[in-house]
Amino acid sequence: MEVIKTVDELRARLAREHDVCCVPTMGNIHDGHLSLVKIAAQTASVSLTTIFVNRLQFGQGEDFERYPRTFEEDCAKLEAVGNKIVFHPDEQQMYPEPQAFFIDPPKVAKKLEGRFRQGHFRGVCTVVLKLFNAVQPQSAVFGKKDYQQLAIIRHMVDQFALPICIIPAETVRAGDGLALSSRNRYLSEAERKEAPRLREAILQIRDAINEGDRKFVAMEYAAGALLSRHGWNVDYVVVRTQRGLKRPSPDDSDLVILGAATLGSTRLIDNLEVVAP
Ligand code: PAF
C-alpha cells in the first residue's frame, strides 16, 4: 500500500489513473470505515483512503485535540482489506494559509446536527471539496451513519456538477446494534452497555411507523423520554423525509429516523431509513 503525503506527489501518482474511488476519513479506522474501503476496492481499480483530521469541522469545545490519531494501526487495517493508496496530508498541505474561502451549505445544514454543531457542515463541505480537488476521483464512498453529511455532500456534488459518483454505504453495527464510531472508544464500560438504547429508541419509532402510525411528534417525544429516563442528554430523535430531511407531510413515505444524544460526555448519533406503508 502506498502512503502519499503531498498534493503534488498525489497528482503525479494519479496522472494516469482513470478509475479512482475515494474514501474520505479522519482516521481511527474501524470496521465501519473498512466496509467503505471494501466497497471502494470493488468499485474501482484504485481505492484511495484519505486520512486527515479536519480542524474546520470541529466547533468550540469539541474534540479536535483529543480526536484519536492512530495512523500506523490505521494503515495496517487498510492494507489488510486491499486499500491501494492512503493520502495523509498534514495541516500545512491542506491549509498552507488560513482558509479564507468556504462552502456555505444550504439551510438543511443548519438543522439537526447543524443546530448542535454550528459551522460543522461548512467545515465538512470545504474540506471534502479540497480533498476531491486533490484526488480527482471518479467515485467516493460515504457512510449512511452520517446521514445528513451524506445528503449534503450529494447535494454539493450535484450543484457544482462535480464529475464524481457518490456511493452510499450501510452502517456497520456491533453485535448489540450500536453503530460503529470512533467516539465509542470514549464510553465507559457502563456507558457502552447503555449505548445501544439509542438504536432501540429509533427501532421503537420504526415499529410504530411499520404498524401504520403517523403521529410522528408523539413517537419522537416517547423515544426522547425513554432515553432521558436512562440518563441520556437528548439533542433530537426525529422522523424526517429521506430527501431534504424535512418534516414529513401525509404523502411522504420514504422516511428516516435520526437521533443524537449524549451519554456521559460522549455524543452519539444514529439513524434508520424506513418506508412507511
Ligand atoms: O465523515 C468524516 O469522517 C468527515 O466528516 C470527512 C467526510 C472525512 C470530512 O473530514
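Look above for the structure.
Definitions and limits used
Positions within a chain are numbered from 1, following the residues in the order the chain's sequence is written. For this predicted model, a pLDDT threshold of at least 70 governs which residues receive local features, and a threshold of 80 or more governs which side-chain atom pairs are given and counted, while totals over whole chains, interfaces and linings are taken from all residues. Calculation of side-chain values draws on the structure's entire complement of heavy atoms; hydrogens and water are dropped beforehand. Helix and strand definitions follow DSSP, with helices as H or I runs of at least four residues and strands as E runs of at least two, each counted in order from the N terminus. In this treatment the radius of gyration is a C-alpha quantity, and the globule benchmark scales as 2.2 Å times the residue count to the 0.38 power. Buried, partly exposed and exposed residues are distinguished by accessible area as a fraction of the type maximum, computed with a 1.4 Å probe on protein chains only: under 20%, between the cut-offs, and over 50%, respectively. The Shrake-Rupley method, run with a 1.4 Å probe sphere, supplies the accessible areas, and residue values consider only the shown protein chains as cover. Only four residue types enter the tally: Lys and Arg on the positive side, Asp and Glu on the negative side; His and the chain ends are excluded. By convention, the charge on Lys lies at NZ, on Arg at CZ, on Asp at CG and on Glu at CD. In these notes, residues near a molecule or strand are those with any non-hydrogen atom within 4 Å of it. By the criterion applied in these results, polar contacts are pairs of N or O atoms within 3.5 Å in which, for protein atoms, one can donate a hydrogen and the other can accept it, and in which residues neighboring in sequence qualify only through two side-chain atoms. Polarity classes work like this: nonpolar for Ala, Val, Leu, Ile, Met, Phe, Trp, Tyr, Cys and Pro, charged for Asp, Glu, Lys and Arg, and polar for all others, with Gly in that last group. Between rings of Phe, Tyr and Trp, where Trp is taken as its six-membered ring, a pair exists when centres lie within 6.5 Å; planes separated by under 30 degrees are stacked, by over 60 edge-to-face, and by other angles tilted. Remark: a charge is flagged as sitting over a ring if the NZ atom of Lys or the CZ atom of Arg is within 6 Å of the ring centre and within 35 degrees of the ring normal. Here an axis means a line fitted to C-alpha atoms, over the contact stretch when the element is a helix, while the angle between two N-to-C directions is reported on a 0 to 180 degree scale. Roughly parallel means an angle under 35 degrees; roughly antiparallel means over 145; roughly perpendicular covers 65 to 115; every other angle is labelled oblique. When checking whether two residues touch, look at their non-hydrogen atoms; a contact exists if any pair is within 4.5 Å. Every case where a carboxyl oxygen of Asp or Glu lies within 4 Å of a side-chain nitrogen of Lys or Arg is listed as a salt bridge. Here the rule is simple: two strands pair whenever DSSP picks up at least two bridges between them.

Peer 1: Help me get a handle on the overall build of the protein chain, residues and values and all.
Peer 2: Each helix and strand in the protein chain was counted, giving 10 helices and nine strands. For 277 residues, the compact-globule estimate of 2.2 N^0.38 gives 19 Å, and the protein chain sits close to it at 19 Å. Taking the principal axes of its C-alpha atoms as reference, the protein chain extends roughly 55 × 40 × 35 Å. Burial analysis of the protein chain (277 residues in total) assigns 53% to the buried set. With the model as given, the accessible surface of the protein chain reaches about 13700 Å², and the carbon-plus-sulfur share is 50%. Across the protein chain, the 36 positively charged side chains and the 36 negatively charged ones have centroids separated by 4 Å.

Peer 1: Go over the site of the ligand with me, naming the residues and quoting the values.
Peer 2: Around the ligand lies a shell formed by P24, T25, M26, N54, Q57, V124, V127, V128, F142, D146 and Q149. Measuring from an oxygen atom of the ligand, one finds a side-chain N or O atom of Q57 at 2.6 Å. Taking Q149, its side chain carries an N or O atom lying 2.7 Å from an oxygen atom of the ligand. Protein contact buries 89% of the 290 Å² of open area that the ligand shows by itself. Only β2 (20–25) and α6 (120–135) provide two or more residues apiece to the shell around the ligand. It is α6 that contributes the most residues to the shell around the ligand, three residues altogether. Taken together, the residues of the shell around the ligand break down into six nonpolar, four polar and one charged.

Peer 1: Lay out the packing of aromatic side chains with the relevant residues and their values.
Peer 2: The relation between two aromatic rings is expressed through the spacing of the ring centres and the mutual angle of the planes. Scanning the entire structure with this criterion turns up five aromatic pairs. An angle of 65° between the planes, with centres 5.4 Å apart, marks the rings of F58 and F64 as edge-to-face. As far as the burial class goes, F58 and F64 line up, both buried. For the pair F58 and Y67, a centre-to-centre distance of 5.8 Å together with 75° between the ring planes defines the contact as edge-to-face. Judged on exposure class, the residue F58 and its partner Y67 are both buried. Here a set of aromatic residues connected by ring pairs shows up, and it is made of F58, F64 and Y67. R66 extends its terminal NZ or CZ atom over the ring of Y186, reaching a point 4.0 Å from the ring centre. Here the basic side chain of R122 rests over the ring of F102, its NZ or CZ set 3.8 Å away from the ring centre.

Peer 1: Which residues make up unusual backbone geometry, and what values go with them?
Peer 2: Despite not being glycine, N28 has its phi angle at roughly 50°, a positive value. Here N28 is to be found in the loop between β2 and α2 (31–43). By relative accessible area, which is 8% here, N28 ends up buried. The residue A161 is not glycine, and still its phi comes out positive at about 50°. The exposed category is assigned to A161, whose relative accessible area is 62%.

Peer 1: So what about the packing of helix α1 (residues 7–14) against α6? Which residues, and what values?
Peer 2: The N-to-C vectors of α1 and α6 enclose an angle of 45°; their axes lie 8 Å apart at closest approach. On the basis of their axis angle, the class for α1 and α6 is oblique. In contact with V7, L10, R11 and L14 of α1, α6 contributes N133, A134 and V135. Each residue belonging to the contact of α1 with α6 can be placed in one class, and the counts come to five nonpolar, one polar and one charged.

Peer 1: Residue-level account of the environment of E191, with values.
Peer 2: Among the secondary structure elements, E191 is positioned in helix α8 (residues 189–194). Considering only alpha carbons, one finds E191 and L263, 72 residues apart in sequence, at a separation of 6.7 Å. Here the side chain of E191 touches S188 through a polar contact of 2.9 Å, landing on its backbone nitrogen.

Peer 1: Help me get a handle on the pattern of salt bridges, residues and values and all.
Peer 2: For the structure on display, the rule yields 14 salt bridges. Among the ionic pairs, E194 bridges to R197, the shortest N-O distance being 2.7 Å. Of the two residues, E194 and R197, neither departs from the other in class, the shared state being buried. In this structure, the salt-bridge partner of R206 is D207, at a minimum N-O distance of 3.1 Å.

Peer 1: So what's going on with the sheet that holds strand β6 (residues 165–169)? Residues and values would help.
Peer 2: Strand-to-strand pairing in sheets goes through backbone hydrogen bonds, with the strands running parallel or antiparallel. The strand order β1-β4-β3-β2-β5-β6 describes an open sheet built from six strands, whose pairing is parallel. At either margin of the open sheet sits one strand with a lone partner, and together these are β1 (2–4) and β6. Here the average twist between neighbouring strands, direction ignored, is 25°. Across two bridges, the pairing between β2 and strand β5 (residues 139–143) is parallel. Within β5, the position partnered with C21 by the bridge is S139.

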